Amino acid sequence: MRSRPPLVRTVLLLAGAFVAATLLALFFVRIERVVVAPGVFTGPSQPVRAARDGVITEVLAEAGTLVEAGALLLRLDARALEAERVELVARRALFETRRGEAERERRHLLESLQPAERASRERGRRSAELVLEAARTKEGRFAELHAQGLVEQAALEEARLARQLAEVELERVNAGMAQLPALEQAALNELAALLNEAIHALEELDAHAAELARHVDLCELRAPAAGRLLAPERHELLGRAVRAGDELVRVATPGVEAFLARLDDRGRARAREGLAARLRLESYPWLVHGTLDARVTMVAERRDEQGYLVRLEIDPTDAPGPLYEGMRGKARIATAEKVSLLWMLVEQLFQLGPR
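The structure reproduced in this document is the subject of the present report. Per chain, the residues get numbers from 1 upward, laid out in the order the sequence is written. Given that the model is predicted, a residue must reach a pLDDT of at least 70 before its local features are reported, and side-chain atom pairs must reach 80 or more before they are shown or counted; all residues, however, enter totals for whole chains, interfaces and linings. Computation of side-chain values: all heavy atoms of the structure, hydrogens and water removed.

1. Comments concerning the sheet that holds strand β4 (residues 66-67)
The strands making up a sheet associate through hydrogen bonds between their backbones, and the pairing can be parallel or antiparallel.
Right, so step 1: Strands pair, by our definition, only if DSSP identifies at least two bridges between them. The helix count covers DSSP runs of H or I at least four residues long, the strand count covers runs of E at least two residues long, and both are numbered beginning at the N terminus. Across the sheet, four strands lie side by side as β2-β9-β7-β4; this open sheet has antiparallel pairing. In this open sheet, the two strands that pair with only one neighbour each are β2 (45-49) and β4.
Right, so step 2: Pairing of strand β7 (residues 227-230) with strand β9 (residues 247-252) involves three bridges; the strand directions are antiparallel. Paired with Leu-229 across the strands is Val-251, a residue of β9.

Okay, structure coming up:
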């Protein structure tokens, strides 16, 4: 029989020794079992909700960016409101014209018929109206202050009495104006009615304009606080129809409360409260201290559609940098159970273990 060369025998011996050492390591080397659970940080974030129904037409901040308090984040469609505002401006101009015409005609009538007497009585009437208006304003203000406990009841009664006296004086002045010739009075009354109609219409339009401006402001959604924006992607928001009260985005302020992860059936069978863990943060490079210590504080008994919820608490002072709600990572939970390398490979290969 032909003998093998010494080099071949040496290689075979080394290979056999390596295989034997590997098998021994697989049989006898024991390592701690680790359960991996992906999850996300929760924290003191603040929601940004739609203040009115509408459609999102602009997204002015990307998800994950840092925003200042009051920064404009989203804008809802305000084209219908803008068209209404233009119509409102046109209607207001019309009633302004009507009021001006009524005032000019009234002034002409007062100047052409018994100007001296009528001017005197008109000044008295206007003065009485101003006094009554001031008295009503004062009474209303005192009523608010009284409700707040800032004004005594006596002061409120005094303001009410002043208003009543002003009303009596205006009635007296109006009674004097009633002595004017009936024809002149009828013309004045007609002009006064037109003037009052125009004034009331302008007041209603101004109130409508203020309400419209408020609705336009509601179309702009701003950050309630400084922090990191947690939001869907831009294409998921643009064109989306929303209802008043819908949560659109969130602003995460610095700091976190806990790390919430999900376990599968095998992980749930081995995880329990009090176990130590290491969190690997996706937002930090592996070699730049992108991990921190954690401890399991809660493991859910029931499974939901995403798995078993597990809560881990950390010491934020050990973090490699600022932590925000929404920051993702993976928790490696040490189960304090040691198994051989061979058994671990068999488990992974054949999906063995508790279910």
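2. Looking at the sheet that holds strand β6 (residues 220-222)
Right, so step 1: The antiparallel open sheet is built from four strands, whose spatial order is β6-β5-β3-β8. For this open sheet the edge positions go to β6 and β8 (241-242), each flanked by a neighbour on one side alone.
Right, so step 2: Two elements, strand β3 (residues 54-59) and strand β5 (residues 72-76), share three bridges in a ladder whose sense is antiparallel. If you follow Glu-58 over to β5, its bridge partner there is Arg-75.

3. A short note on the pattern of salt bridges
Right, so step 1: Should a side-chain nitrogen of Lys or Arg be within 4 Å of a carboxyl oxygen of Asp or Glu, the pair is scored as a salt bridge. What the rule picks out here adds up to 23 salt bridges.
Right, so step 2: Between Glu-167 and Arg-163 there is a salt bridge, with its nearest N and O atoms 3.3 Å apart. On the criterion of helical spacing, the pair formed by Glu-167 and Arg-163 is a turn pair, its members being four residues apart in helix α4 (residues 153-177).
Right, so step 3: Between Glu-220 and Arg-222 there is a salt bridge, and its shortest N-O distance comes to 2.9 Å.
Right, so step 4: When its relative accessible area of 26% is taken as the criterion, Glu-220 is described as partly exposed. The rule is simple: take the accessible area with a 1.4 Å probe, protein chains only, and divide by the maximum for that residue type; under 20% is buried, over 50% is exposed, in between is partly exposed.

4. Describing the packing of aromatic side chains
Right, so step 1: Ring pairs shown here join Phe, Tyr and Trp side chains whose ring centres sit within 6.5 Å, with only the six-membered ring taken for Trp; geometry is labelled stacked below 30 degrees between planes, edge-to-face above 60, and tilted in between. Enumeration over the complete set of coordinates arrives at one aromatic pair.
Right, so step 2: Aromatic pair Phe-41 and Phe-259: ring centres 5.1 Å apart, planes at 75 degrees, arrangement edge-to-face. Of this pair, Phe-41 sits in strand β1 (residues 30-42) while Phe-259 sits in strand β10 (residues 258-263), and the two are 218 residues apart along the sequence.
Right, so step 3: By the criterion adopted, a ring carries a charge over it if an Arg CZ or a Lys NZ lies within 6 Å of its centre and within 35 degrees of its normal. One residue, Arg-98, lies across the ring of Phe-95, its end atom 5.1 Å from the ring centre.
Right, so step 4: Just above the ring of Tyr-324 sits the side chain of Arg-228; from NZ or CZ to the centre is 4.4 Å.

5. Some words on the pairing of strand β12 (residues 291-299)
Right, so step 1: With five bridges joining them, strand β11 (residues 276-281) and β12 adopt antiparallel strand pairing. What sits directly across from Arg-278, in β12, is Asp-293.
Right, so step 2: Bridge count for β12 against strand β13 (residues 308-314) is five bridges, and the pairing is antiparallel. Each bridged residue has a counterpart across the sheet, and for Ala-294 the counterpart in β13 is Ile-314.

6. Points about the pairing of β3
Right, so step 1: Bridge count for β3 against β8 is two bridges, and the pairing is antiparallel. Within β8, the residue paired with Gly-54 across the bridge is Val-242.

7. Some thoughts on the side chain of Glu-139
Right, so step 1: With respect to the helices, strands and loops of the structure, Glu-139 is situated in helix α3 (residues 115-147).
Right, so step 2: We classify Glu-139 as buried; its relative accessible area is 13%.
Right, so step 3: Here Arg-160 takes part through its side chain, which lies 3.4 Å from a polar atom of the side chain of Glu-139.
Right, so step 4: Within the local environment of Glu-139, its side chain forms a polar contact with the side chain of Arg-163, the two groups lying 2.7 Å apart.
Right, so step 5: Filtering out sequence-adjacent residues up to four positions away, Glu-139 remains in contact with Leu-156, Ala-159, Arg-160 and Arg-163. As used in this structure description, the phrase polar contact means that two N or O atoms lie within 3.5 Å; if the pair is within protein, one of them must be able to donate a hydrogen and the other to accept it, and residues adjacent in sequence are counted only when both atoms belong to side chains. Should any heavy atoms of two residues lie within 4.5 Å, those residues are considered in contact.

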